Amino acid sequence: MLSIFLIGCDPWNLPGGGNQFIESTWDPAVVAASDGVYVRLPHAGRLVRVKPDGTWSQVDLDGATPEKLIPTDSGNGLFVVASWPVCDDDDPLVVNVDDCPGEKLGTEYEVALVQDGKRVGNAALDGVAPQVNAAVYSHDGEMAALYLDYNGEEIVVDGLVNLNEVAFVNLGSGSVNRVAVGFAPETILFTGDDKRAVILSRSQVAVVNLDSASEDCEAWDVCVTYPLTLDADQAVVPNNVVLVADGSYALVSITSKKDVYVLDLVNESIDLLELDNVPSAMAVDEANDRTVFVYDSAARIDVVEHEFFELSSFSTDEPATSVVATSVGMLAYNDQNYHDVVTFDAATGDWHEQRAENPVMELLVAEHYAVATMRPDNYTSGSGTSAFYDENYGFGIFPVSPVTGDDPIDAISLVLESEPVGLALSADDEGEYALLLLDGVDTLLKVNLGNASADEISLEAPPIGIQNSPDGRFIVTGDTGVGMLSFVDPVDNGVVTVAGFATSGLAAPAVLPRREEKE
Amino acid sequence: MIRSTLIALLVSGCGETSDMYASEEAGTSADLAEGGDADADADADADGDTDTDSENEDDYMKLAPAATDAYVFVANPGRDTVTRIAVSDLAVLTTDVGHIPSTVQTTSDYSLAITLDEGDDSVTVIAAETMEAQSVEIRDNMNSLSLSPTGDFAMTWYDPDKESLGSSNGVVSFNEVSFVRLDPPEHVPMAVGYNPKGVRWSDDGKLAVVVSDGSLSVVDLTAAALSPTRIMLAEDELDAPVAEEVVLTPDGLYAFVRQRGVETLQIVDLAEGTVTPVDVGEDPTDMDVTPDGQRLAVVARSARQIWSYDVDDPLATPSLLDFPSDTAWGAVSFADGGDTAVLYTTSALIPSLAVWDTTTDFFDERSLIKPVKAVALSPVGDVAMVFHTKQDADDTDPSEQFYNEWAVTLMETDGLGENRMVVEAEPTGYSVTDDDRWGFYVMDGVSTLEALSFESLLPEHLKLASDPVFVGTLPGRTMAWTSQQHELGRISFYDPDADELNTITGFELNSDIEH
């Protein structure tokens, strides 16, 4: 067992150098909630809540070890998948895990909703499978849908695993309603009024009623199931789903297929759109009541209006892999080997393009700007300035402007010192900003998107991640063994750093929990 | 009147070469009074049609949808359902019917859709608005369905020449038919003459005449207990000449029977049960009642004459009208609501037709670019869609632009306007709108719907997502529909006034939606 006093030689790291021990002492995949930042301490088997006032405290999980943290959308707590050791030996002398004969030692799992530093109801959620790893939230933030989004990761099979189930959890009361929705749910959407959930599973789409006042369908029942194939031997795997603005239709794209299913959620019927290519992304333009499709295999943007679902096609210069909505239209870009960032008016089909110097890694959209981190371009053989850009990571600022026929404002491309490891946006009365973390650099770059000037906010250690906090601040995780979080105020650039919380419980013995309950 | 069309073109072509059927009348959309049967007569194929032969697909796609003014109904034999597609918003509803619904038809008042369910020997009656369905058992192995014009009755029978989609393995009878009273569904089986070929209904729906080899069976549909009264047309019904066409007078008092190879017309007094042969010209090849219901016109091809009988007094001496030339036309088609008919032939490569003004008996002979495969008249008869054979007349110059090409001519019958068009492939179905403004056709293996304006005589090409199978128009509306090949079902609706083509794809999936 690691001892805390060994830390002395380096105030931020445990012996051994680097951050190789981080995962054993603390998990930098922290969860920022409105009441603090929750951090999993794998080695100690604890969950701690760190507050911006510099304090931290352990969350009582009744002796269970947090295995996985699932944030809530609203920041109102988090879901914790936890395990605890059980010993099938009633000998009162068996107290610690080490006391239990190996053949009698086992593990049980549960899922808890944690708010304000404690489990809601002081207990685990009733019947929620510990294999859940994904959550989707209603628009009002009061309901969560928990499910297993299988992505190849190792799944602990405790008895049996139900791959057909979604657990709806009321975030206020912790009450749970489990609904069988079809094999391997992939994606869940709540309708705009939060009265129904649209759940994509293999070869079918289920609509679950969440409204107890509904006369058409019982609450927590699958009201309607839409088949995606009539051939039981054919597996149709949904890839993405969007809801039109009024929630009356869901559009479902299919993995490796050109078909897009149009599900009429009101009249409960199905139509099929056949595209000329497999769409790489789709997004709803709510202002124009249209859905926009882009393709990584075709330099074209397709638009479907939502009345008769007629398709219109518009040629562009380059394929795109992603499309997002902005305040003035849709923004299509490519995170593979192309450079165009296209602002597209779905109503008219007009578009203008800006140029990213390097291929996009991550793109975020603010009110007046889109920003992107960019990776070195290994596929070009430019010279001069272009070659310089190509060799380095970059950061692009793309002013967002309506497609009027005039040329768009040119994008600004900045060269980065190292690989970007975190990107977030903030805004105040003065302007919009990007917060940028670079690998191995112990400062946070705050870039004014209006003039591309950057302030450096010093950090105590090289950062490894950044995320938004519900209170408007940003949480930067530092590369230290004992745990480090920095609460960054994007308004005044103030930084509060809290470190050392990963030592919590390190020296505590591994006690067998819940023994009295068992008796 | 159901305007679903289909197949009418192949139908006439097959008729020309069939050994069994010598008639050369081509079915037109206006002739589809028998619920999708392209014949004007009682039997399913007595015009020489082979109605089920036009499509090669061996799945449900060959089943013609049925239309009302608001909906199109599609039978899904693989899933034992019928899908209703609303034209207004393409909303889809599906209901369960019997096993393997092979045919769907709608009643003339559009209130009911009827399926013949071959897999479990039943007929299902579906309320068009509510989609509530009731099934009733019928006799085994029926594979054909006809609805009375008033929508009160259906009759099913076994047609040995027609493919069956399901078999109950029960008794196969060659004398049975099943009448079904539709509201509420009630089955009345009966034995009729040998090898029933179909049924003719009187316009008022009070009488049914079942056509068999060598006999007619008359059924009074107003009787409390239905029973057939047989009228023999030949002494030996097992060796009787085939009744190629049977036409009832609108009042249901008489039936006219044209038999293959018989140089007389049989006039049947249905009330008295008597059969009186009357003279008809040499080689009678087609007959039709005029739209006003007053005359029966019989084309005597070899005599180059039209024999015209008074429907009210059929035994009176017929009037004769000579062809305007020595051309051997053998078919006549009347416009639904007008004074125009056309004479043409599909049994010989003759590139001409004659427009017949029935009020003056004046013939306007027109030369055509190619021989005729089928003719469709607009409802008032002022425009004709002429579908040509690919094969040319014997003396055609190979350098002609239409030589060895499929072609369509859109022509005014009351004027000189024409539009002659080489088309990409063989037309396989057509229809016209009730308002006399548009005609539509589809071609084999070409993913378009062709719309022909009867006003401008100009075509419009509507690109479809896949190859069309059937085309039709909605009764009372300026709207065409075309079903298309797609494993999950596809149908498009075209409004030529708004120039809107709306398509729903995958509606077969709707049958598996679990509510």
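Our structure's up above, just so we're on the same page.
Below: a short report on this structure. All values derive from a computational prediction rather than experimental measurement. (Residues numbered from 1 in each chain as written. Chains lettered and ligands numbered in written order. Predicted model: local features only at pLDDT ≥ 70, side-chain atom pairs only at ≥ 80, totals over all residues.)

### Some points on the overall build of chain B
- The helix and strand tally for chain B stands at one helix and 40 strands.
- Per-residue burial for chain B yields a buried fraction of 56% across its 515 residues.
- Taking all contacts inside chain B whose residues are at least 6 apart in sequence as the whole, residues at least 24 apart take part in 48%. (Helix = DSSP H or I, 4+ residues; strand = E, 2+ residues; numbered from the N terminus. Buried ≥ 20, exposed ≤ 12 C-beta atoms within 10 Å, placed from the backbone. Contact = placed C-beta atoms within 7 Å.)

### Comments concerning the overall build of chain A
- Within chain A, the secondary structure is distributed over three helices and 40 strands.
- In terms of overall dimensions, chain A is globule-like: its C-alpha atoms have a radius of gyration of 25 Å, near the 24 Å expected for 519 residues.
- Over its C-alpha atoms, taken along the principal directions, chain A stretches across nearly 80 × 60 × 40 Å.
- In chain A, which comprises 519 residues, the share counted as buried stands at 43%.
- Across chain A, contacts joining residues at least 24 apart in sequence account for 46% of those joining residues at least 6 apart. (Rg over C-alpha atoms; globule rule 2.2 N^0.38 Å.)

### Focus: the environment of T473(B)
- Mapping T473(B) onto the fold places it in strand β37 (residues 468-473).
- Separated by 43 residues in the primary sequence, T473(B) and Y430(B) have C-alpha atoms spaced 9.1 Å apart.

### Section: the interface of chain B and chain A
- Counting residues at the interface gives 16 residues for chain B, matched by 13 residues for chain A.
- Element by element, the count of residues in the side of chain B that touches chain A is highest for strand β40 (residues 500-505) of chain B, at three residues.
- Taken together, the residues that form the side of chain B that touches chain A break down as eight nonpolar, five polar and three charged. (Nonpolar A, V, L, I, M, F, W, Y, C, P; charged D, E, K, R; others polar.)

### What about the sheet that holds strand β28 (residues 362-367) of chain B?
Residue and element names in this part refer to chain B.
- Read across the open sheet, the four strands follow the order β25-β26-β27-β28; overall the sheet is antiparallel. Edge positions in the sheet fall to β25 (331-334) and β28, since each of these pairs with one other strand and no more. Ignoring which end each strand starts from, the neighbouring axes of this sheet average 25 degrees apart.
- Summarising the sheet, strand β27 (residues 352-357) and β28 pair through six bridges and their orientation is antiparallel. Its bridge partner being in β28, D357 is matched across the sheet by F362. (Pairing = 2+ DSSP bridges. Axes fitted to C-alpha atoms, helices over the stretch in contact; angles between N-to-C directions.)

### A short note on the pairing of strand β24 (residues 311-315) of chain A
All names here are of chain A.
- Two elements, strand β23 (residues 300-305) and β24, share five bridges in a ladder whose sense is antiparallel. Within β24, the position partnered with V303 by the bridge is S312.
- In textbook terms, the turn of a hairpin is the stretch between consecutive antiparallel strands, and for β23 and β24 this stretch comprises five residues, one of which, F309, has a positive phi near 60 degrees.

### Here we look at the sheet that holds strand β4 (residues 56-58) of chain A
All names here are of chain A.
- The strand order across the open sheet built from four strands is β1-β2-β3-β4, with neighbouring strands paired in antiparallel fashion. Both outer strands of the open sheet, β1 (31-33) and β4, are each paired with one neighbouring strand and no more. Taken pair by pair, the neighbouring strands of this sheet meet at an average axis angle of 25 degrees, ignoring direction.
- Inspection of the sheet shows strand β3 (residues 46-50) paired to β4 by three bridges, in the antiparallel sense. Considered in β4, the bridge of V50 is made with W56.

### Concerning the nonpolar core
- Core analysis: the biggest nonpolar cluster contains 275 residues, and V292(A) and V209(B) have the highest contact counts within it.
- Looking at this core, the element that brings in the most residues is strand β34 (residues 431-438) of chain A, giving six residues.
- Once residues lying within four places of it in the same chain are set aside, the contact partners of V292(A) are M282(A), A283(A), D285(A), I301(A), V303(A), V323(A), M330(A), F344(A) and A346(A). (Core = buried A, V, L, I, M, F, W, Y, C linked by C-beta atoms within 7 Å.)

### Some points on the pairing of strand β38 (residues 474-478) of chain A
All names here are of chain A.
- For β38, a buried count of five out of five residues is recorded, marking the element as mostly surrounded by other parts of the structure.
- Burial along β38 is two-sided: F474, V476 and G478 facing one way and I475 and T477 facing the other are all buried.
- In terms of strand pairing, strand β37 (residues 463-468) meets β38 through five bridges, oriented antiparallel. By the bridge assignment for β38, P463 is matched with G478.
- Counting the residues between successive antiparallel strands, the hairpin from β37 to β38 contains five residues, one of them, G472, with a positive phi of roughly 95 degrees.
- Both β38 and strand β39 (residues 484-488) contribute to a ladder of four bridges, which runs antiparallel. Its bridge partner lying in β39, V476 is registered against S486.
- The hairpin formed by β38 and β39 contains five residues between the paired strands, and G483 there has a positive phi angle of roughly 95 degrees.

### Looking at unusual backbone geometry
- Residue P184(B) is bonded to the preceding D183(B) through a cis peptide linkage, with omega at -5 degrees.
- Of note, P184(B) is situated in the loop between β11 (176-182) and β12 (185-191).
- Of note, the phi angle at D62(A) is positive, near 55 degrees, even though the residue is not glycine.
- Note on placement: D62(A) falls in the loop between β4 and β5 (65-71).
- Taking the number of C-beta atoms within 10 Å as the measure of exposure, D62(A) has 15 and is therefore partly exposed.
- One non-glycine residue, R304(B), lies in the positive phi region at around 55 degrees.
- Of note, R304(B) is situated in the loop between β22 (295-300) and β23 (305-310).

These figures capture arrangement, not role.
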